Amino acid sequence: MGFARTCSVTLVGVEGVVVEVQADLEPGVAAFTLVGLPDKSLTESRDRVRAAVANSGDEWPQKKLTVGLSPASVPKGGSGFDLAVACAVLGAAERIDPRVLTDLVMIGELGLDGRVRPVRGILPAVLAAAEAGYEQVVVPECAAAEAALVPGVSVLGVRSLRQLIAVLADEPVPEEEPDDAGRPDPLLAGLRMPGTGAATGMHSLGAAQHEHDLADVVGQGSARTAVEVAAAGGHHLFLEGPPGAGKTMLAERLPAVLPRLGRQESLEVTAVHSVAGLLPPGKPLIDMPPYCAPHHSATMQSLVGGGPGTARPGAVSLAHRGVLFLDETPEFGSQALDALRQPLEAGHVVIARSAGVVRFPARFLMVLAANPCPCGRFSQRDSLCECPPSVIRRYQARLSGPLLDRVDLRVEVDPVSRAELAHRGPGGESTATVADRVRAARERAAARLAGTPWRTNSEVPGRELRSRWHAAVGAMDEAERNLERGVLTVRGLDRVLRVAWTVADLVGHDRPGAMDVALALQLRTGVPRGVPMALGALT
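Residues numbered from 1 in each chain as written. Predicted model: local features only at pLDDT ≥ 70, side-chain atom pairs only at ≥ 80, totals over all residues. Heavy atoms only, no water.

Chemist: Explain the nonpolar core to me, and be specific about the residues and the numbers.
Modeler: Judged by nonpolar contacts, the single largest core of 56 residues is most densely connected at Val229, Leu237, Leu239, Val367 and Leu523. The element that contributes the greatest number of residues to this core is helix α23 (residues 490–507), accounting for nine residues. Those residues in contact with Leu523 that lie beyond four places of it in its chain are Ala226, Val229, Asp408, Leu409, Arg410, Val411, Val499 and Met533. Of all hydrophobic cores here, the second largest spans 37 residues; its members include Val19, Val53, Leu65 and Ile165. (Core = buried A, V, L, I, M, F, W, Y, C linked by side-chain atoms within 4.5 Å. Buried < 20%, exposed > 50% of the residue type's maximum accessible area, 1.4 Å probe, protein only. Helix = DSSP H or I, 4+ residues; strand = E, 2+ residues; numbered from the N terminus. Contact = heavy atoms within 4.5 Å.)

Right under this line is the structure:
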């Protein structure tokens with residue numbers, strides 16, 4: 001009787017669980033039994049592994065073979081167990097020393113010819129292995145750079161099962177023939193899910209951000225100020241205005257204003273995109289804030305995550321540490337929009353399914369854009385709109401009060417005038433200039449919040465703001481009167497104070513004054529209060 005064991009990793013959401021892969025050979029009729037709650041794709045690994053071993057030049061054991069996946073109570077899926085199953089079988093057949101396999105974690109899919117193909121979720125899988133105390137992992141060669149992002153782990157990248165057998169058996173490593181020059185590497189197909197990039201409205205994670213500059217936006221001084229405040233404090237933003245005024249342009253330029261992601265944030269974002277199959281080829285680490293703009297026909301599952309079988313991350317998780325842009329927001333389904341309330345407050349989304357409960361990170365900056373009415377021409381300044389008042393009310397009521405109450409900034413985007421369009425002088429500030437101010441404001445906030453679990457003003461609970469960081473004496477009087485009149489809720493009052501701290505950080509004040517709070521109140525309610533929208537006027 002022969003026995004060998006090695007390890008692999010199964011993913012539950014973006015969290016990995018180390019699984020011990022055991023292989024047992026006994027005399028009897030040749031058979032291959034796989035146990036341990038495998039799904040369909042894992043069950044099919046029996047045929048893939050057998051063909052891969054045979055095509056790699058080794059003999060498949062003609063005995064009764066049982067492969068067990070432990071812990072047996074955890075559902076397991078995907079083709080990433082192929083490599084571990086093949087090596088465990090060869091270890092039980094004494095082709096490989098079983099003692100060499102014990103402390104290894106193997107992740108990878110096997111082709112019928114023995115090539116090792118990449119799978120989604122390499123980074124969170126290696127993170128789970130490192131947390132469990134494993135120091136050596138084996139992954140596909142084209143995913144080795146992603147696995148190497150985890151410190152303290154030795155990564156072995158292999159291109160074929162033949163190479164891995166030679167390494168483990170201390171034999172000369174065979175050279176694999178390279179693919180034809182000029183043709184795309186077929187192994188990279190395992191890193192992406194077909195169609196997911198177009199379906200989620202994802203930017204190419206950095207490429208598009210360099211092409212968009214705030215200087216391209218004509219006019220819109222108030223909206224530009226709101227974008228800067230949103231980026232500095234991580235506040236949600238609602239842009240309302242007629243078609244063609246520049247709402248989408250402003251939203252597309254917001255990610256480039258945000259600071260680059262830190263090391264821990266980059267690992268969080270990369271892990272989510274790795275599970276979703278959206279990592280750009282040749283870029284294992286995402287260090288720019290992502291941008292996700294789903295179409296208004298998106299379902300609730302595509303926004304918050306879910307789907308049949310194992311739950312997958314939705315748009316709110318793909319926009320983690322970045323921007324979620326919902327253009328034509330009233331056209332989204334009311335159920336889908338209301339499902340955003342919980343992740344907006346908690347910073348994560350919990351999805352319960354019959355197969356288990358998964359938790360995805362979802363701390364994003366949400367930008368809503370909407371027309372004032374179905375025809376888009378309704379305004380307080382003119383009467384171009386032909387929509388009946390009842391139609392306008394129904395259209396605007398598609399955005400529920402509880403959802404809008406979670407939005408910190410509300411700005412009306414005015415149509416661009418002929419004079420602004422024909423202006424030949426210097427335009428608005430560039431993205432680089434605004435990004436420098438945003439970075440300085442975030443550094444002030446980080447210094448103030450040092451020693452706490454929060455890094456931006458939008459994350460600080462209201463009770464902490466009221467008890468530990470006070471505004472100037474009398475600065476909150478007008479906001480508190482709005483609370484008494486019912487214009488603001490208690491949550492709205494807390495959000496006004498958060499925005500006021502962000503404004504103070506941008507203009508260099510030690511704490512919010514009356515003008516800072518007035519601007520925050522104007523940005524919160526959308527009602528003009530005689531405060532200049534230019535931040536330079538508050539210094």
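Chemist: Just give me the short version of the packing of aromatic side chains, but keep the residues and values in it.
Modeler: With the rule as written, the count across this model stands at two aromatic pairs. Ring centres of Phe32 and Trp60 lie 5.6 Å apart, and the angle between their planes is 40°; this geometry places the pair in the tilted category. One end of the pair, Phe32, is in strand β3 (residues 31–35); the other, Trp60, is in the loop between α2 (45–55) and β4 (64–70), and 28 residues separate them in sequence. Residue classification places Phe32 among the buried positions, given a relative accessible area of 10%. Judged by its relative accessible area of 10%, Trp60 falls in the buried class. (Phe/Tyr/Trp six-rings, centres within 6.5 Å; stacked < 30°, edge-to-face > 60°.)

Chemist: Which residues make up the pairing of β3, and what values do they have?
Modeler: By the alternation rule, side chains of β3 split into Phe32 and Leu34, which are all buried, and Ala31, Thr33 and Val35, of which none is buried. Direction of pairing for β3 relative to β4: parallel, over a ladder of five bridges. The residue bridging Val35 from the neighbouring strand is Gly68, located in β4. (Pairing = 2+ DSSP bridges.)

Chemist: Give a description of the packing of helix α20 (residues 431–448) against α23 that names residues and reports values.
Modeler: Across the interface, α20 lies against α23 with an axial gap of 8 Å and an inter-helix angle of 115°. Seen along the crossing, α20 lies across α23 with a hand that is right-handed. On the side of α20, the interface is formed by Arg437, Val438, Ala441, Arg444, Ala445 and Arg448, while α23 contributes Trp501, Asp505 and Leu506. Split into classes, the residues belonging to the contact of α20 with α23 amount to five nonpolar, no polar and four charged. (Axes fitted to C-alpha atoms, helices over the stretch in contact; angles between N-to-C directions. Left-handed = near helix turned anticlockwise from the far one by under 90°. Nonpolar A, V, L, I, M, F, W, Y, C, P; charged D, E, K, R; others polar.)

Chemist: Quick rundown of the environment of Pro402? Include the residues and the values.
Modeler: Mapped onto the fold, Pro402 is located in helix α18 (residues 401–404). Spatially, the C-alpha atoms of Pro402 and Arg353 are 26 Å apart, while their sequence positions differ by 49 residues.

Chemist: Pulling in residues and values, what's your account of unusual backbone geometry?
Modeler: A cis geometry characterises the amide bond from Ser70 onward to Pro71, with omega recorded as 10°. Topologically, Pro71 is positioned in the loop between β4 and α3 (82–92). At Glu94, a residue that is not glycine, the phi angle is positive and equals roughly 65°. Residue position: Glu94 is located in the loop between α3 and α4 (98–101). The exposed category is assigned to Glu94, whose relative accessible area is 67%. The backbone of Glu328 shows a phi angle near 50°, a positive value even though the residue is not glycine. Relative to the elements of secondary structure, Glu328 occurs in the loop between β12 (323–326) and α15 (334–338).

Chemist: Explain the sheet that holds strand β10 (residues 237–240) to me, using residue names and the numbers behind them.
Modeler: The strand order β11-β12-β15-β10-β16 describes an open sheet built from five strands, whose pairing is parallel. Looking at which strands have only one partner, the edges of the open sheet turn out to be β11 (291–292) and β16 (409–412). Sheet topology places β12 next to strand β15 (residues 365–370); four bridges connect them, and they run parallel. Bridging across to β15, Leu326 finds its partner in Leu368.

Chemist: So what's going on with the state of the cysteines? Which residues, and what values?
Modeler: Summed over all chains, the structure comprises zero disulfides. The thiol of Cys142 is not disulfide-bonded; the next cysteine sulfur, from Cys87, is found 17 Å away. Taking the relative accessible area as the measure of exposure, Cys142 reaches 26% and is therefore partly exposed. Left unpaired, Cys375 is separated from the closest cysteine sulfur, that of Cys373, by 3.4 Å. The partly exposed category is assigned to Cys375, whose relative accessible area is 29%. (Disulfide = S-S within 2.5 Å.)

Chemist: Describe in detail the confidence of the model for the chain, supporting the description with residues and values.
Modeler: With 91% of its residues at a pLDDT of 70 or more, the chain has an overall mean of 87. Element-level mean pLDDT values for the chain span from 43 in helix α8 (residues 196–200) up to 97 in strand β5 (residues 104–106). Across residues 193–200, where pLDDT falls below 50, the model places 15 contacts with residues more than four positions away in sequence or in other chains. Segment residues 204–208: pLDDT under 50, and nine contacts once partners within four positions in sequence are set aside and those in other chains are kept. (pLDDT = per-residue confidence, 0-100.)

Chemist: Go over the pattern of salt bridges, please, and point to the residues and values.
Modeler: Scanning the model with the defined rule gives 32 salt bridges in all. Of the charged contacts in the structure, one is a salt bridge between Asp82 and Arg48, with a shortest N-O distance of 2.7 Å. You can see Asp82 sitting in helix α3 and its partner Arg48 sitting in helix α2, a full 34 residues away along the chain. Each member of the pair Asp82 and Arg48 is classed as buried. When the shortest N-O distance is used, the salt bridge between Arg491 and Asp405 registers 2.9 Å. Taken together, the residues span a long stretch of sequence, with Arg491 in helix α23 and Asp405 in the loop between α18 and β16 at a distance of 86 residues. For Arg491, a relative accessible area of 29% corresponds to the partly exposed category. For Asp405, a relative accessible area of 13% corresponds to the buried category. Salt bridges sharing partners connect three or more residues here, namely Glu345, Asp405, Arg406, Asp408, Arg491, Arg495 and Arg524. (Salt bridge = Lys/Arg side-chain N within 4 Å of Asp/Glu carboxyl O.)

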